[in-house]
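Coordinate inspection notes
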Amino acid sequence: MNRRPNRQTHPIQLETKEHHNMNDKKVWLITGAGRGLGVDIAKAALAARHAVVATARNAASVTRAVGEHDDLLAVDLDVTDLAAAQAAVTAAVERFGRLDVLVNNAGSFQAGFFEEMSPEAFRSQIETTLFGPVNVTRAALPQLRAQRAGLVVTISSTAGITSAVEFTSAYAASKFGVEGWMEALAPEVAPFGIKTMLVEPGFFRTELLSPQSTRYAEPTIADDAERTSQTIEAWQGMDGKQGGDPAKLAAALVQLAALEEPPVRFAAGADALAAFAQKANDLLAQAGAHRELSTCLAHGGSVDRPM
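Residues numbered from 1 in each chain as written. Predicted model: local features only at pLDDT ≥ 70, side-chain atom pairs only at ≥ 80, totals over all residues. Heavy atoms only, no water.

Digging into the overall build of the chain
Across its full length, the chain holds 11 helices and 10 strands. Accessible area of the chain: about 16000 Å², with a carbon and sulfur share of 54%. (Helix = DSSP H or I, 4+ residues; strand = E, 2+ residues; numbered from the N terminus. Areas by Shrake-Rupley, 256 points an atom, 1.4 Å probe, with all protein chains shown as cover.)

Next up, the structure:
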């Protein structure tokens, strides 16, 4: 079923805890569900007998990708539009009576060397992959808080943990922002029974590197020309050949969402685990590199400046 929700507010729906516990079916709202990982998450949630509100810029793409289902509501949503996000939450509650799991999945990739990337392209990345999740979460929190229950899942990236990789400055900036925002949000919403989970996938065979999701900066600097050409060729050659299986990741997310205590972070993939370990080691080494100087900066102490 496709639906373009109206933008009118709807009273927040409450359901008694006793009634909800009698029924393990959860109501999921998934952004970016017209293609890629979002489609797999929607299918996995439906297969687990949950109800799904699947959103995309064009809701018809959801129905084409996921198919028709009694427990599926497809809704138009541009995540950069806060009013549209509020309307999507209203549509979810009107159809299914509550909202249990929000999955911030919609994404894009503005690729290129920072100096060659236009300010508009850089800002577009931040608007989609940082402010997009911020908008949808802002829209969902009143309902989750009223229920005193819910889970906010945000698909981040290993680029939000470590990103010493060319062409990823805008993308990494947005994902590092997501990491900090979600980490700070968790203690704010915990008193209301709302949990959060960050997911950091490594390289999965989604459509992120496809022409529909990736935009390359126009080469403008002669000094970067050769590296630009080589990097674009490498990224394009990787599309469709990534090692991670998005269907398995989607199934894992459904499993984790059912836990009494979902993980604060989930490193998705062996490459993600390796990235986490390397970053932890790097941080420890960096913290210890100038330990004596770091620990003598309080009032009353003296700093021996290196020559």
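A few points about the pairing of strand 3 (residues 51-56)
The element strand 3 is largely enclosed, with a buried count of six among its six residues. Neither face of strand 3 is left uncovered, since the one carrying Ala-51, Val-53 and Thr-55 and the one carrying Val-52, Ala-54 and Ala-56 both have all their residues buried. Pairing analysis gives four bridges linking strand 2 (residues 27-30) to strand 3, with the strands arranged parallel. Bridge assignment links Leu-29 to a residue of strand 3, and that residue is Val-53. Read from strand 2 through helix 2 (residues 37-47) to strand 3, the crossover connection turns out right-handed. The sheet contact formed by strand 3 and strand 4 (residues 72-76) spans five bridges and is parallel. Note that in strand 4 the partner of Ala-54 across the bridge is Ala-74. (Buried < 20%, exposed > 50% of the residue type's maximum accessible area, 1.4 Å probe, protein only. Pairing = 2+ DSSP bridges. Right-handed = clockwise from strand over helix to strand, strands pointing away.)

Quick look at the packing of helix 6 (residues 131-147) against helix 7 (residues 169-189)
Angle between the axes and distance between the axes are the two parameters that describe a pair of packed helices. Following both chains from N to C, one finds helix 6 and helix 7 inclined at 10 degrees, their axes separated by 13 Å at the closest point. When the axis of helix 6 is compared with that of helix 7, the two are roughly parallel. Within the contact between the two elements, helix 6 uses Pro-133, Val-134, Thr-137 and Leu-141 and helix 7 uses Trp-181, Leu-185 and Val-189. Considered class by class, the residues forming the contact of helix 6 with helix 7 number six nonpolar, one polar and no charged. (Axes fitted to C-alpha atoms, helices over the stretch in contact; angles between N-to-C directions. Parallel < 35°, antiparallel > 145°, perpendicular 65-115°, else oblique. Contact = heavy atoms within 4.5 Å. Nonpolar A, V, L, I, M, F, W, Y, C, P; charged D, E, K, R; others polar.)

Quick look at the side chain of Thr-31
On the secondary structure map, Thr-31 appears in the loop between strand 2 and helix 2. Note on Thr-31: relative accessible area 2%, which makes it buried. For Thr-31, the side chain forms a polar contact with the main-chain nitrogen of Asn-105, separated by 2.8 Å. (Polar contact = N/O pair within 3.5 Å; in protein donor to acceptor, adjacent residues only side chain to side chain.)

A short note on the pattern of salt bridges
One pass over the structure, following the stated rule, counts seven salt bridges. Residue Arg-265 pairs with Glu-200 through a salt bridge whose shortest N-O separation is 3.4 Å. Taken together, the residues span a long stretch of sequence, with Arg-265 in strand 10 (residues 265-268) and Glu-200 in strand 8 (residues 194-201) at a distance of 65 residues. The network of salt bridges with common partners includes Glu-179, Glu-183, Glu-200 and Arg-265. (Salt bridge = Lys/Arg side-chain N within 4 Å of Asp/Glu carboxyl O.)

Section: the confidence of the model for the chain
Close inspection of predicted coordinates is inappropriate for parts of the model with low pLDDT. Across the chain, the average pLDDT comes to 87, with 84% of residues at 70 or higher. In this model residues 1-11 is a low-confidence stretch, pLDDT under 50, and it forms 32 contacts with partners more than four residues away in sequence or in other chains. Note on residues 15-22: pLDDT is under 50 here. Beyond four places in sequence and across chains, it has six contacts. (pLDDT = per-residue confidence, 0-100.)

Some remarks on the packing of aromatic side chains
For the structure shown, the criterion picks out three aromatic pairs. Taking 4.9 Å as the distance between ring centres and 85 degrees as the angle between the ring planes, the aromatic pair formed by Phe-113 and Phe-167 counts as edge-to-face. One end of the pair, Phe-113, is in the loop between strand 6 (109-111) and helix 5 (119-129); the other, Phe-167, is in the loop between strand 7 (150-155) and helix 7, and 54 residues separate them in sequence. For the pair Phe-113 and Phe-167, one class covers both residues: buried. (Phe/Tyr/Trp six-rings, centres within 6.5 Å; stacked < 30°, edge-to-face > 60°.)

Quick word on the pairing of strand 8
Counting buried positions along strand 8 yields seven of eight residues, so the element is predominantly enclosed. Handedness of the β-α-β unit built from strand 7, helix 7 and strand 8 comes out right-handed. Two strands pair when backbone bridges link them, and strand 8 and strand 10 are joined in this way by four bridges, in the parallel orientation. If you follow Val-199 over to strand 10, its bridge partner there is Phe-266.

Section: the nonpolar core
Judged by nonpolar contacts, the single largest core of 33 residues is most densely connected at Leu-29, Leu-77, Val-89, Leu-99, Val-136 and Met-182. Looking at this core, the elements that each hand over two or more residues are strand 2, strand 3, strand 4, helix 4 (82-96), helix 6, helix 7 and strand 8. Looking at this core, the element that brings in the most residues is helix 4, giving seven residues. Among the nonpolar cores identified, the runner-up in size contains 32 residues, and Ile-30, Leu-151, Leu-253 and Ala-257 belong to it. (Core = buried A, V, L, I, M, F, W, Y, C linked by side-chain atoms within 4.5 Å.)

Comments concerning unusual backbone geometry
Excluding glycine, a negative phi dihedral is what most residues carry, and trans is how most peptide bonds are arranged. For Arg-49, which is not glycine, the phi dihedral falls at a positive 70 degrees. For Arg-49, a relative accessible area of 66% corresponds to the exposed category. Here the phi dihedral of Phe-167 falls at roughly 80 degrees; this positive angle occurs in a residue that is not glycine.

Things to note about helix 5
Every buried residue of helix 5 is accounted for by Ala-121, Gln-125, Ile-126, Thr-128 and Thr-129. Tucked into the core, helix 5 has its buried residues touching strand 6, helix 6 and helix 7.

With respect to helix 7
Compared with the 30 Å implied by 1.5 Å per residue over 21 residues, the 30 Å span of helix 7 between its first and last C-alpha is a close match. Ala-170, Tyr-171, Ala-172, Ser-174, Lys-175, Val-178, Glu-179, Trp-181, Met-182, Leu-185 and Val-189 are the residues of helix 7 that are buried. Check the buried side of helix 7 and you find it contacts strand 6, helix 5, helix 6, strand 7, strand 8 and strand 10. (Expected span 1.5 Å × (residues − 1).)

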